[in-house]
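# Overview (structure and organization)
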Amino acid sequence: MKPHWRLGAALILCGPALRTAAAGTPDDPRGTYFSKKAYDPHPLPDYAKLKDQLPAPILASHPEWVALYWKAWEIAFHNFHEPEPGSHFVSQFIDAAFNKNTFLWDTCFMSMFCNVAHPLVPGIESLDNFYARQHADGEIGREIVRSTGLDYAPWVDAGGRPLFSRNGFNADSPDSPVKYRGRPVPEPAPRLTLDAVDNPLPAWAELESYRVTGDRDRIARVYPPLAAYYGAIRKYLRQGNGLYVTDWASMDNSPRNRYLANGGTAVDTSSQMVLFARQLSEMAGMLGKDRDRLAFALDARELSGIINRLMWNPDRRFYFDLTQDGRQAPVRTVAAYWTLLAEVAPVDRARALVQALGDPDAFGRRNQVPTLPADEKGFDPMGGYWRGSVWAPTTMMVIRGLERYGRAQQARQIALGNLRLMSAVLQKTGTIWENYAPDSESQGRPAKDDFVGWSGLGPIDWLLEYALGLKPDAPDNTLDWTPDPDGRSGCRNYRFNGHVCSLEATPLGGGRFRYSVDADEPFLIRLGRDGDWKTVNIGFGPNAWSD
């Protein structure tokens, strides 16, 4: 198979500074690319003291969803942390409390629901600690010990071996080397194992935050570490066919994992790298780095083409992982839907993926979206972790991907379906879970309880965006609002772009509403109704009208 290597964005983006640092030094300095170097101590957020300042949803038609919202925040506040002395962490952070370590891709998703309470709680700032512990070659470990700031020891390549997976690609393959085909083995060896380098999503988290907060200065601060991270993944995880490898760590016990053995390439990791390149291109454009903007855009276009050429199966109408020798793996998984978020799929292929979402024999189960379709061998109707469970991060990915292809109504239906599920399980069990069953109103088995954690996405983010219809665009100082037609709805203390406002809409019948907005600064509202949009100028202080 013809190699696809070229001098791309990874070397253009930071010039000589990146090339020098990438060589490393004996003590491997951390945080080379991130300007924040020290923690400024201040009190941790306290739920009892801050509750009255948090966004307070109003949803008369579903008070049980509002109760779920407050339960999520109550749990989340137990998971805010200060840096431990000597950890070299530089910011307070939210952590899933899964174990004594903090996880990169968990943090990316947790930051997304924390955005709505910015700056009251540490959300996007939690990623600062990963940038501060970034290796000189750009690598960022996905799992860092909270107390020390060190990479989780099993994921450290202490012997200087070429890239390998410590846990392997299934239960029977520990310490599995990645065998590169059609490209040289990268030198020097990586600092981390493949178990530690997966799901490159911080740029997505940063732009989700920017959409809510409008903090352009942060984009300038995080661009250098993100660009270096992209370069490291491109160096170590790119196979000779131009696609990207992964192992068990993307979806722990998925039936697909054995097909990825020793350097098989993954549709999710490859699409995530397209997404990463597109988002770095967008950031570079914001910062006036035109050369980088073009280089990243070219990377995204090239990789999209390879995914479509090698991973799409025209007979099964789906995207598949590839084995190390380039054959398509036979297992369908939710990983294929990263092609929507990354805008890899042409419209006709996106249409086929959407059809599979609605197919009850595939992903269209009672609770969407299972990580394994029901017609695959190994599907577990009670979840089985990554053998069918409904997980907030993959559901968030599907929702945002559908929106990219103009499927906003289907995205909303999936989000509201998850709210119904989580609310029903809360009433039965009293808590929020790590994942949920695809075929019943129950938590997944296995699943961790009190998990907020990325499971806060549903009760907080999806409630505000899809049940209340509040979608911010901070860079344009605009808030889209589609009120609930079934009863009084809105939000007190709603926060975006530095504003704090209170909004309320009451149905009057015949499709008309009475609106009130109390704002601390002017902004625009785009009112949505029956597919039409009307722009309303909101001034300082009380605003009221009927329409």
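The structure under discussion appears in the preceding block.
Everything in this summary refers to the structure shown in the same document. (Residues numbered from 1 in each chain as written. Predicted model: local features only at pLDDT ≥ 70, side-chain atom pairs only at ≥ 80, totals over all residues. Heavy atoms only, no water.)

### Examining the layout of surface pockets
- By volume, the largest pocket amounts to about 1,300 Å³.
- Surrounding the largest pocket, 49 residues form its lining, Glu403, Ala408, Glu465, Lys471 and Asp480 being those nearest its centre.
- The greatest single-element share of the lining of the largest pocket, amounting to 5 residues, is contributed by helix H7 (residues 202–213).
- The class makeup of the residues in the lining of the largest pocket is 17 nonpolar, 11 polar and 21 charged. (1 Å grid on protein atoms, 1.4 Å probe; cavity = no way out; pocket = protein on both sides within 12 Å on 5 of 7 lines; lining within 4 Å. Points joined across faces, edges and corners; volume = space filled by probe spheres on them. Helix = DSSP H or I, 4+ residues; strand = E, 2+ residues; numbered from the N terminus. Nonpolar A, V, L, I, M, F, W, Y, C, P; charged D, E, K, R; others polar.)

### So, the packing of helix H13 (residues 392–404) against helix H14 (residues 408–429)
- Two elements in contact, H13 and H14, have axes separated by 7 Å at closest approach and are oriented at 160°. The orientation of H13 relative to H14 falls into the category roughly antiparallel. Remark: the crossing between H13 and H14 carries left-handed chirality. Residues Thr395, Val398, Ile399, Leu402 and Glu403 of H13 lie in contact with H14, whose contacting residues are Ala408, Gln410, Ala411, Ile414, Ala415 and Asn418. (Axes fitted to C-alpha atoms, helices over the stretch in contact; angles between N-to-C directions. Parallel < 35°, antiparallel > 145°, perpendicular 65-115°, else oblique. Left-handed = near helix turned anticlockwise from the far one by under 90°. Contact = heavy atoms within 4.5 Å.)

### Section: the nonpolar core
- In this structure, Trp73, Phe109, Phe113, Trp204 and Tyr337 are the most contacted members of the largest nonpolar core, which totals 167 residues.
- With sequence-adjacent residues up to four places away left out, Trp73 is seen in contact with Tyr47, Leu54, Phe113, Cys114, Val116, Ala117, Val121 and Ile460.
- By size, the runner-up hydrophobic cluster in this structure holds 5 residues, among which are Tyr259, Ala329, Val331 and Phe379. (Core = buried A, V, L, I, M, F, W, Y, C linked by side-chain atoms within 4.5 Å. Buried < 20%, exposed > 50% of the residue type's maximum accessible area, 1.4 Å probe, protein only.)

### Quick word on the packing of aromatic side chains
- Applying the stated criterion to the full structure yields 34 aromatic pairs.
- With a centroid separation of 6.2 Å and an interplanar angle of 80°, the aromatic rings of Phe109 and Trp454 are classed as edge-to-face. Of this pair, Phe109 sits in helix H5 (residues 104–114) while Trp454 sits in the loop between H14 and helix H15 (458–467), placing them 345 residues apart in sequence.
- Residue Phe109 is classed as buried on the basis of its relative accessible area of 0%.
- By relative accessible area, which is 4% here, Trp454 ends up buried.
- Site record: aromatic cluster; members linked through ring pairs are Phe98, Phe103, Trp105, Phe109, Trp204, Trp338, Tyr385, Trp386, Trp391, Phe451 and Trp454.
- Taking the ring centre of Trp70 as reference, the NZ or CZ of Lys51 above it sits at 4.9 Å.
- Above the ring of Trp533, the side-chain terminus of Arg526 is found at 4.4 Å from the ring centroid. (Phe/Tyr/Trp six-rings, centres within 6.5 Å; stacked < 30°, edge-to-face > 60°. Lys NZ or Arg CZ within 6 Å of the ring centre and 35° of its normal.)

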